[in-house]
Amino acid sequence: MNQPFSGFSKLSKEEKINWIAKEYFSTPDEAKALLKQYWNTDEKIQKLHDEFIENTITNFYIPLGVAPNFLINGKYSTIPMAIEESSVVAAASKAAKFWSTRGGFKATVLNTEKIGQVHFIYKGDISKLELFFAQTKSSFFSETQSITANMQKRGGGILNIELKDKTNLIPNYFQLHATFETKDSMGANFINSCLEQFANTLKKEALHYNLFTEEEKNIQVVMSILSNYVPNCIVRAEVSCPVEALEEKHIPNATVFAERFVQAVQIAEVEPYRAVTHNKGIMNGIDAVIIATGNDFRAVEAGIHAYASRSGQYSSLSHAKIENGIFTFWLEVPLALGTVGGLTSLHPLVKLSLEMLEKPSAQELMQFVAVAGLAQNFGALRSLTTSGIQEGHMKMHLNNILNQLEATDEERAAVRKHFKHEVVTHSGAVNFIENIRK
Ligand code: MEV
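All figures in this text were calculated on a predicted structure; none of them were measured in a lab. (Residues numbered from 1 in each chain as written. Predicted model: local features only at pLDDT ≥ 70, side-chain atom pairs only at ≥ 80, totals over all residues. Heavy atoms only, no water.)

### What about the sheet that holds strand β8 (residues 234-242)?
Step number 1: Spatially, the four strands line up as an open sheet ordered β3-β8-β10-β9, and their pairing is antiparallel. Each edge of the open sheet is held by one strand with a lone partner, namely β3 (106-109) and β9 (318-323). Averaged over all pairs of adjacent strands, the angle between their axes in this sheet comes to 20°, without regard to strand direction.
Step number 2: The pairing of β3 with β8 spans four bridges and is classified as antiparallel. Bridge pairing in β8 links Ala-107 to Ala-237.
Step number 3: Those strands touched by helix α11 (residues 297-308) are β8 and β10 (326-334), and its axis lies near 120° from that of β10. (Pairing = 2+ DSSP bridges. Helix = DSSP H or I, 4+ residues; strand = E, 2+ residues; numbered from the N terminus. Axes fitted to C-alpha atoms, helices over the stretch in contact; angles between N-to-C directions. Contact = heavy atoms within 4.5 Å.)

### Structural notes on the pattern of salt bridges
Step number 1: The final tally for this structure, using the stated rule, is 16 salt bridges.
Step number 2: Here Glu-14 makes a salt bridge to Lys-36, at a shortest N to O gap of 2.5 Å. Linking Glu-14 in helix α1 (residues 13-24) with Lys-36 in helix α2 (residues 28-37), this pair joins segments that are 22 residues apart in sequence.
Step number 3: Of the residues examined, Glu-14 reaches a relative accessible area of 36% and is grouped as partly exposed.
Step number 4: Judged by relative accessible area, which is 31%, Lys-36 ranks as partly exposed. (Salt bridge = Lys/Arg side-chain N within 4 Å of Asp/Glu carboxyl O. Buried < 20%, exposed > 50% of the residue type's maximum accessible area, 1.4 Å probe, protein only.)

### Quick look at the sheet that holds strand β4 (residues 114-121)
Step number 1: The strand order across the open sheet formed by four strands is β5-β6-β4-β7, and the pairing between neighbours is antiparallel. Each edge of the sheet is formed by a strand with only one pairing partner; in this case those strands are β5 (157-165) and β7 (220-227). On average, adjacent strands in this sheet sit at an angle of 15° to one another, irrespective of strand direction.
Step number 2: The pairing of β4 with β7 spans seven bridges and is classified as antiparallel. Paired with Ile-115 across the strands is Ser-227, a residue of β7.
Step number 3: Helix α5 (residues 126-142) contacts β4, β5 and β6 (173-181) of the sheet and is inclined by roughly 170° relative to β5.

### Observations concerning the environment of Leu-246
Step number 1: Structurally, Leu-246 is set in the loop between β8 and α9 (254-270).
Step number 2: Through-space distance from the C-alpha of Leu-246 to that of Ser-12 is 59 Å; in sequence the pair is 234 residues apart.
Step number 3: Once you skip the residues sitting within four places of it in the chain, Leu-246 turns out to touch Phe-98, Trp-99, Arg-102, Cys-241, Ile-251, Ala-254, Phe-257, Ala-258 and Phe-327.

### Thoughts on the nonpolar core
Step number 1: Phe-70, Ile-286, Phe-329 and Leu-335 are the most contacted members of the largest nonpolar core, which totals 66 residues.
Step number 2: At 11 residues, the largest contribution of residues to this core is made by helix α13 (residues 362-385).
Step number 3: Once residues lying within four places of it in the same chain are set aside, the contact partners of Leu-335 are Val-230, Cys-233, Val-235, Ile-286, Ile-290, Val-300, Ile-304, Met-366, Val-369 and Ala-370.
Step number 4: Formed by 26 residues, the second largest nonpolar core is a distinct cluster that contains Phe-133, Met-151, Ile-191 and Leu-202. (Core = buried A, V, L, I, M, F, W, Y, C linked by side-chain atoms within 4.5 Å.)

### Observations concerning the pairing of β8
Step number 1: Most of β8 sits inside the fold, with seven of its nine residues counted as buried.
Step number 2: As defined by bridge partners, β8 adjoins β10 across nine bridges and the pair is classed as antiparallel. Bridged to Glu-238 within β10 is Trp-330.

### Observations regarding the domain arrangement of the protein
Step number 1: Structurally, the protein comprises domain 1 (8-50), domain 2 (64-108 + 234-387), domain 3 (114-227) and domain 4 (392-437).
Step number 2: Here the C-alpha centre of domain 2 lies 38 Å away from the C-alpha centre of domain 1. (Domains from an automatic or database assignment.)

### Overview of α5
Step number 1: With 17 residues, α5 extends 25 Å between its outermost C-alpha atoms, agreeing within 8% with the 24 Å of an ideal straight helix rising 1.5 Å per residue.
Step number 2: The largest bend in α5 is about 45°, located at Thr-136.
Step number 3: All of the buried residues in α5 are Lys-128, Leu-129, Phe-132, Phe-133, Thr-136, Ser-139 and Phe-140.
Step number 4: The elements touched by buried residues of α5 are β4, β5, β6, α7 (188-207) and α8 (214-217). (Expected span 1.5 Å × (residues − 1). Bend = angle between axes of the 7 residues up to and from the residue.)

### What about the packing of helix α15 (residues 409-419) against helix α16 (residues 426-437)?
A pair of packed helices is characterised by two quantities: the angle between their axes and the separation of those axes.
Step number 1: For the pair α15 and α16, the least separation of the axes is 10 Å and the interaxial angle reads 130°. Overall, the two elements α15 and α16 adopt an arrangement that is oblique. As α15 packs across α16, the resulting crossing turns out to be right-handed. Listed contacts from α16 to Glu-411, Ala-414, Val-415, His-418 and Phe-419 of α15 are Gly-428, Ala-429, Phe-432, Ile-433, Ile-436 and Arg-437.
Step number 2: Here the contact of α15 with α16 is built from residues that sort into seven nonpolar, two polar and two charged. (Parallel < 35°, antiparallel > 145°, perpendicular 65-115°, else oblique. Left-handed = near helix turned anticlockwise from the far one by under 90°. Nonpolar A, V, L, I, M, F, W, Y, C, P; charged D, E, K, R; others polar.)

### A word on the packing of aromatic side chains
Each aromatic ring pair is described using two quantities: the centre-to-centre distance and the angle formed by the ring planes.
Step number 1: One pass over the full model with this rule turns up 27 aromatic pairs.
Step number 2: Ring geometry for Phe-261 and Phe-329: centres 4.9 Å apart, planes at 85°, overall edge-to-face. On the criterion of sequence distance, the pair formed by Phe-261 in helix α9 and Phe-329 in strand β10 is long-range, its members being 68 residues apart. Of the two residues, Phe-261 and Phe-329, neither departs from the other in class, the shared state being buried. (Phe/Tyr/Trp six-rings, centres within 6.5 Å; stacked < 30°, edge-to-face > 60°.)

### A short note on unusual backbone geometry
When glycine is set aside, most residues are seen to have a negative phi, and most peptide bonds are trans.
Step number 1: Non-glycine residue Asn-69 carries a positive phi angle of around 70°.
Step number 2: Among the secondary structure elements, Asn-69 is positioned in strand β1 (residues 64-72).
Step number 3: Relative accessible area serves as the criterion here: at 32%, Asn-69 is assigned to the partly exposed category.
Step number 4: For Asn-324, which is not glycine, the phi dihedral falls at a positive 50°.
Step number 5: Locating Asn-324 in the fold gives a position in the loop between β9 and β10.

This is the structure in structure tokens:
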């Protein structure tokens, strides 16, 4: 196709599929059949999914798994995880079980403040702008009353609004920097609505402010938007136990293990190349729970990586120490999450996941997510500092290899038996199957 298709979104779903199949596939009927095979048989559910986004043609599945045996603050939970990577749920479950006999996970929400900004251009006397802001500040609260009334009933609302002078960065650039408490909602809509009203109030009040010159009255709002960087919306998750209690079948020498583990974390603290991969492992756990519970993983990813760089150098989100014979491993991450609003009351599997977590508040969900991240990090570091990552990873990946090779049930049984005590490699599995097939 060499020219734009205007009006594509106006086509029916059937028409869109027909066009795509004809335009891009050598066997259009096969492509159409595949797309339809992934439709939900329940029309109501399919319609719901169709309407989440524009131009839906089918559903894209990823598995929803569960990791049981998570002892968190003295209570057992089963954590739902939506993820495609073979070893993640297995590693989470293993770490959960390991820590369940060593005191479990402790999780604490440190704070829950969200942030939004109105970015604007003001050309004039800064002290006059400061006076204007001090004199009109209450209007920003009063003129958002209709938006904040419900949130205030739930104990949330606008916490503060500050004027920030950013003219050292860009000429004439200022901000209204506002902080919010949004209780069990992630708060994006609430915050953005408040900010857009702040922008209107700002422009309107400036036009009527007698001390301003004509140029000063003409405030230009560039944009009003929440920030996904929430360094004051932090949850901490921790595990700890006496070093000798770390001992088990795969950890014959607990002291050596604990020391190597702490070194591995220290490397991620000082070495950005390692820190990125280390934190990626944490995000395996975090994203999986975020997706299963219908939260915005892009927002969470962006905010967490910004937090990991807050010192000016990208660093580990987790930390570990041995003090007085006690091994402690913990992480602190910013998480702006919701358990009401958004997808949480729409997507049937999100509702199910939240029910599995016993309908958590946003703060409780923050704790589950941070714990899943810490568990995942523990699992990865335990493998990396002992057997290496590939042993467990390839065992879990074996299914994918067998599926690629379209192995029969007998072939699968023979392969599993063979690799029970052997290291799995892709070529090893392929050769083994080829030999059987001969
Ligand atoms: C793989 O998805 C994640 C790991 O690379 C994390 C890590 O290296 O810590 C295993």
